[in-house]
Amino acid sequence: AFRRHEGTGGQHFLVVVNLHAQETLRDVRMTFPPEAIQALDAAGGDASLEFCDRLAVREPLQMKTTASALRANGLDIPPLLPLTACYFEVKKGSN
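Residues numbered from 1 in each chain as written. Predicted model: local features only at pLDDT ≥ 70, side-chain atom pairs only at ≥ 80, totals over all residues. Heavy atoms only, no water.

(A) Structural view of the pattern of salt bridges. A full pass over the atoms with the stated rule returns 2 salt bridges. Salt-bridge contacts for Asp76 lead to Arg29; the nearest nitrogen and oxygen are separated by 2.8 Å. You can see Asp76 sitting in strand β6 (residues 75-77) and its partner Arg29 sitting in strand β3 (residues 28-30), a full 47 residues away along the chain. You can call Asp76 partly exposed: its relative accessible area is 47%. Among the ionic pairs, Arg54 bridges to Glu89, the shortest N-O distance being 2.7 Å. In this pair, Arg54 is assigned in the loop between β4 (48-53) and β5 (62-66) and Glu89 in strand β7 (residues 84-92), connecting sequence segments 35 residues apart. On the accessibility criterion, Arg54 (43% relative accessible area) is partly exposed. (Salt bridge = Lys/Arg side-chain N within 4 Å of Asp/Glu carboxyl O. Helix = DSSP H or I, 4+ residues; strand = E, 2+ residues; numbered from the N terminus. Buried < 20%, exposed > 50% of the residue type's maximum accessible area, 1.4 Å probe, protein only.)

(B) Molecular detail of the environment of Thr24. Looking at the secondary structure, you find Thr24 in the loop between β2 (12-18) and β3. As for Thr24 and Leu80, which are separated by 56 residues in sequence, their C-alpha atoms are 5.5 Å apart. Residues within four places of Thr24 in sequence aside, it is in contact with Asn18, Pro79, Leu80, Leu81 and Pro82. (Contact = heavy atoms within 4.5 Å.)

(C) Expanded view of the pairing of β2. β2 sits mainly inside the fold: 6 of its 7 residues count as buried. Sheet topology places β2 next to β7; 7 bridges connect them, and they run antiparallel. Following the sheet pairing, His12 is matched in β7 by Val90. (Pairing = 2+ DSSP bridges.)

(D) Layout of the packing of aromatic side chains. Across all of its chains, the model carries 1 aromatic pair by this definition. Judged by centre distance (4.7 Å) and plane angle (45 degrees), the rings of Phe13 and Tyr87 are tilted. Of the two residues, Phe13 is situated in strand β2 and Tyr87 in strand β7; the sequence distance between them amounts to 74 residues. Accessibility expressed as a relative area gives 23% for Tyr87, which makes it partly exposed. (Phe/Tyr/Trp six-rings, centres within 6.5 Å; stacked < 30°, edge-to-face > 60°.)

(E) Layout of the pairing of β4. With respect to burial, β4 is a largely interior element, 5 of its 6 residues being buried. Sheet topology places β4 next to β5; 5 bridges connect them, and they run antiparallel. Each bridged residue has a counterpart across the sheet, and for Phe51 the counterpart in β5 is Met63. Bridge analysis of β4 against β7 gives 5 bridges, and the strand direction is antiparallel. When the sheet's bridge partners are listed, Glu50 is paired in β7 with Lys91.

Spelled out as structure tokens, the structure:
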């Protein structure tokens with residue numbers, strides 16, 4: 001997994017990939033270093049954060065959390081089928 005940022009004030013993405021040919025990834029929790037949390041503008045406060053898979057054609061995976069939960073616990077990723085990639089756009093929501 002990695003985080004991608006599209007320039008100053010641009011979009012933020014979290015890319016998660018399961019490269020295993022047969023095994024579904026389960027019970028995955030992403031933790032974020034302080035620099036990544038700060039880049040998401042989630043270093044302070046308790047804003048809501050929304051993660052939406054932009055590669056999905058039908059029914060994209062969506063996750064919601066708060067900045068404080070992300071700092072404390074990370075982000076639980078839904079099961080990923082073999083050879084699957086998710087390109088989650090990260091948006092700061094309303095409180």
